[in-house]
Amino acid sequence: MKPFMDKNFLLDTDTARQLFHETASGKPVWDFHCHLIPRQIAENKQFSDLTEVWLGGDHYKWRQMRTFGIDETYITGDADPYEKFAAWAATVEKLIGNPLYHWTHLELQRYFGIYEPLTVASAPRIWEEANKQLHSDNLTVKGIFKKMNVYAVGTTDDPVDTLEYHKAIADGTAAIGSIDTKVVPSFRPDKAIHIDAPDFAGYIRKLSEAAGIPIATPDDVLAALALRLDYFIAAGCRASDHALEYPPVTASVKDTEAEKNTAFAAFKSVLNGEQPDRSAADTYRAYILTRLAKLYREKNIVMQLHIAAIRNNNPIMMRKLGPDTGYDAVHDCQISASLASLLGRIEEEGGLPKTVLYTLNPKDYYPLATLMGCYQSGQKGKIQLGSAWWFCDHKDGMTEQLTVLGNLGMLSCFIGMLTDSRSFLSYPRHEYFRRILCNIIGTWVENGEYPADMRLLSEIVSGISFDNALHYFEN
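Residues numbered from 1 in each chain as written. Predicted model: local features only at pLDDT ≥ 70, side-chain atom pairs only at ≥ 80, totals over all residues. Heavy atoms only, no water.

1. Observations regarding the packing of helix α6 (residues 99-112) against helix α7 (residues 123-134)
Logical step 1: One can describe the packing of α6 onto α7 by two numbers: an axis separation of 11 Å at closest approach and a directional angle of 45 degrees. Overall, the two elements α6 and α7 adopt an arrangement that is oblique. The two elements α6 and α7 cross, and the hand of that crossing is left-handed. Of the residues in α7, those touching α6 at Leu108, Tyr111 and Phe112 are Ile126, Ala130, Gln133 and Leu134.
Logical step 2: Residues that form the contact of α6 with α7 fall into these classes: six nonpolar, one polar and no charged. (Axes fitted to C-alpha atoms, helices over the stretch in contact; angles between N-to-C directions. Helix = DSSP H or I, 4+ residues; strand = E, 2+ residues; numbered from the N terminus. Parallel < 35°, antiparallel > 145°, perpendicular 65-115°, else oblique. Left-handed = near helix turned anticlockwise from the far one by under 90°. Contact = heavy atoms within 4.5 Å. Nonpolar A, V, L, I, M, F, W, Y, C, P; charged D, E, K, R; others polar.)

This is the structure in structure tokens:
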């Protein structure tokens, strides 16, 4: 029997252990897609207790607590912080097979030096010891970034955001002071694209104000977004990000005038208080997306497309708690034809920017991994199959994504893992990913499927762990 989550956790072969301990474990973290709050970074937030830093905003944990029958009072309600922590402890000790079990214990080990499993019985001891350490400088935001060797984080920011906290961090005037970690905004214009959202017209007014120009047409929207993108780039922006339930079907280049007319009519109707039908809304989305892609290419901005989430599925809880509270799911829509149409149209109109394709449904890995090969040109790994994301970032999901990419693309060009997290304690997920990566590669080597050339293997593992992302986002 192997020890519980020791230094060789998930590393089944000598080659895997060597690759992880000698190469992967020492690489910095480029967390290019996360949902950390810039204000908390700028203020160098010190968390009051383990509940605040661990359970506040973490809908991954909330879902499992609900599944275990925990009352909402102890999840998002106003229960005492220790009672919430105790409810999580009761949940996690039974969470066998779930990645949250591994992440929880990696976080206890890496941040607090606690190697005891979290159970109902151990909860009081762990609560006391972790909270004592949380009150030290080692576990402020700045301390966390330093401890976990975080090179850079890409937050997720709306085009109307002032980016005041990013600017303060960059120029050293924020409370966090001088910091080695780069904190850069990512451009997330979803609210300007999803024309069928209830608050779309109100958002367009905010965008107009932020950009300082009137907006009466979709072309005005694009002009405003271009101005805001320049503002983001001046603050260090490297990437955009788009959440798409499914890729909108685009017109052929021959039909762009008809597409434009439909998009303009849909936009006008929404500003007049009407609701567009799905076809008109998709036409507007396609019109904006294809032109934004051209802008990203011109300005060397990575385009990230997150596809196949179906969101806010519990209307009662949506009204009570709002979005991003644990009521989203995996979509099973067909995306191949529409994504091929979108990418082909962008390619035909001047070429794709660097693009990362994520899907929440593993059934899409083969379509995405083969489609991206149709547009590779000019640079290493220009089009990427994004890491196993959200509901897929567990051991089996990461193994499947890495294996598919190895089978159909070039795994050695992969830009690796992201946290996609709202929690400052999520960085051991990068370690989790690297252990799985090294175990897969180590197994191939020891099975005789690849030579035991440790220099070359180290280059590959180093690239996937950090170097490829560094090159991809900064060149």
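2. With respect to unusual backbone geometry
Logical step 1: If you check the backbone angles, Asn300 has positive phi at about 60 degrees while not being a glycine.
Logical step 2: You can see Asn300 is positioned in the loop between α14 (278-299) and β5 (302-307).
Logical step 3: Take Asn300: its relative accessible area is 41%, and that puts it in the partly exposed class. (Buried < 20%, exposed > 50% of the residue type's maximum accessible area, 1.4 Å probe, protein only.)

3. What about the pattern of salt bridges?
Opposite charge on two side chains makes pairing possible when the charged atoms of those side chains draw close.
Logical step 1: By the definition in use, this model includes 26 salt bridges.
Logical step 2: The shortest N-O distance in the salt bridge between Glu43 and Arg39 comes to 2.8 Å.
Logical step 3: Here Lys45 and Glu52 are joined by a salt bridge, their closest N and O atoms 2.9 Å apart.
Logical step 4: With relative accessibility at 28%, the residue Glu52 sits in the partly exposed group.
Logical step 5: One connected set of salt bridges, linked through shared partners, spans Asp196, Arg278, Asp282 and Arg285. (Salt bridge = Lys/Arg side-chain N within 4 Å of Asp/Glu carboxyl O.)

4. Quick notes on the sheet that holds strand β9 (residues 383-385)
Logical step 1: Taking strand neighbours across the sheet as the criterion, the seven strands line up as β1-β2-β3-β4-β5-β8-β9 in an open arrangement whose pairing is parallel. Two strands bound the open sheet, and with one partner strand each, they are β1 (29-31) and β9. Within the sheet, the average angular offset between the axes of one strand and its neighbour, ignoring direction, is 20 degrees.
Logical step 2: For strand β4 (residues 239-244) and β5, the ladder comprises six bridges, and the chain directions are parallel. Residue pairing in the sheet places Ser240 in a bridge with Met303 of β5. (Pairing = 2+ DSSP bridges.)

5. Quick look at the nonpolar core
Logical step 1: Core analysis: the biggest nonpolar cluster contains 155 residues, and Ile41, Leu50, Trp54, Phe112, Leu118, Phe145 and Val221 have the highest contact counts within it.
Logical step 2: Not counting residues up to four positions away in its chain, the partners in contact with Phe145 are Leu36, Ile41, Val150, Val153, Ile179, Thr181, Phe424 and Tyr427. (Core = buried A, V, L, I, M, F, W, Y, C linked by side-chain atoms within 4.5 Å.)

6. Side note on the side chain of Arg238
Logical step 1: Inspection of the secondary structure puts Arg238 in the loop between α12 (218-234) and β4.
Logical step 2: In this structure the side chain of Arg238 is engaged in a polar contact, spanning 2.7 Å, whose partner is the backbone oxygen of Gly236. (Polar contact = N/O pair within 3.5 Å; in protein donor to acceptor, adjacent residues only side chain to side chain.)

7. Regarding the pairing of β5
Logical step 1: Counting buried residues along β5, six of its six residues qualify, which places the element largely inside the surrounding structure.
Logical step 2: Every second residue of β5 is oriented toward a common face, with Val302, Gln304 and His306 on one face and Met303, Leu305 and Ile307 on the other, all of them buried.
Logical step 3: Bridge count for β5 against strand β8 (residues 355-359) is five bridges, and the pairing is parallel. Looking at the pairing, Ile307 lines up with Thr359 of β8.

8. A word on the pairing of strand β3 (residues 182-187)
Logical step 1: Most of β3 sits inside the fold, with five of its six residues counted as buried.
Logical step 2: Bridging between strand β2 (residues 150-157) and β3 involves six bridges; their strand directions are parallel. Pairing of Thr155 across the sheet is with Pro185, part of β3.
Logical step 3: Looking at chain direction, β3 and β4 are connected through two bridges and run parallel. In the sheet register, Ser186 faces β4, and the bridge partner there is Ala239.

9. Let's talk about the packing of aromatic side chains
Centre distance and the angle of the planes are the two values used to describe a pair of aromatic rings.
Logical step 1: On inspection of all chains with the given rule, the structure shows 26 aromatic pairs.
Logical step 2: Between Phe47 and Phe424 the ring centres are 5.8 Å apart and the planes differ by 50 degrees, which places this aromatic pair in the tilted class. Pair noted here: Phe47 is in the loop between α2 (38-42) and α3 (50-55) and Phe424 is in the loop between α18 (395-408) and α19 (428-446), with a separation of 377 residues, a long-range link.
Logical step 3: When its relative accessible area of 4% is taken as the criterion, Phe47 is described as buried.
Logical step 4: Centroid distance Tyr82 to Phe85: 6.1 Å. Interplanar angle 45 degrees. Geometry classified as tilted. (Phe/Tyr/Trp six-rings, centres within 6.5 Å; stacked < 30°, edge-to-face > 60°.)

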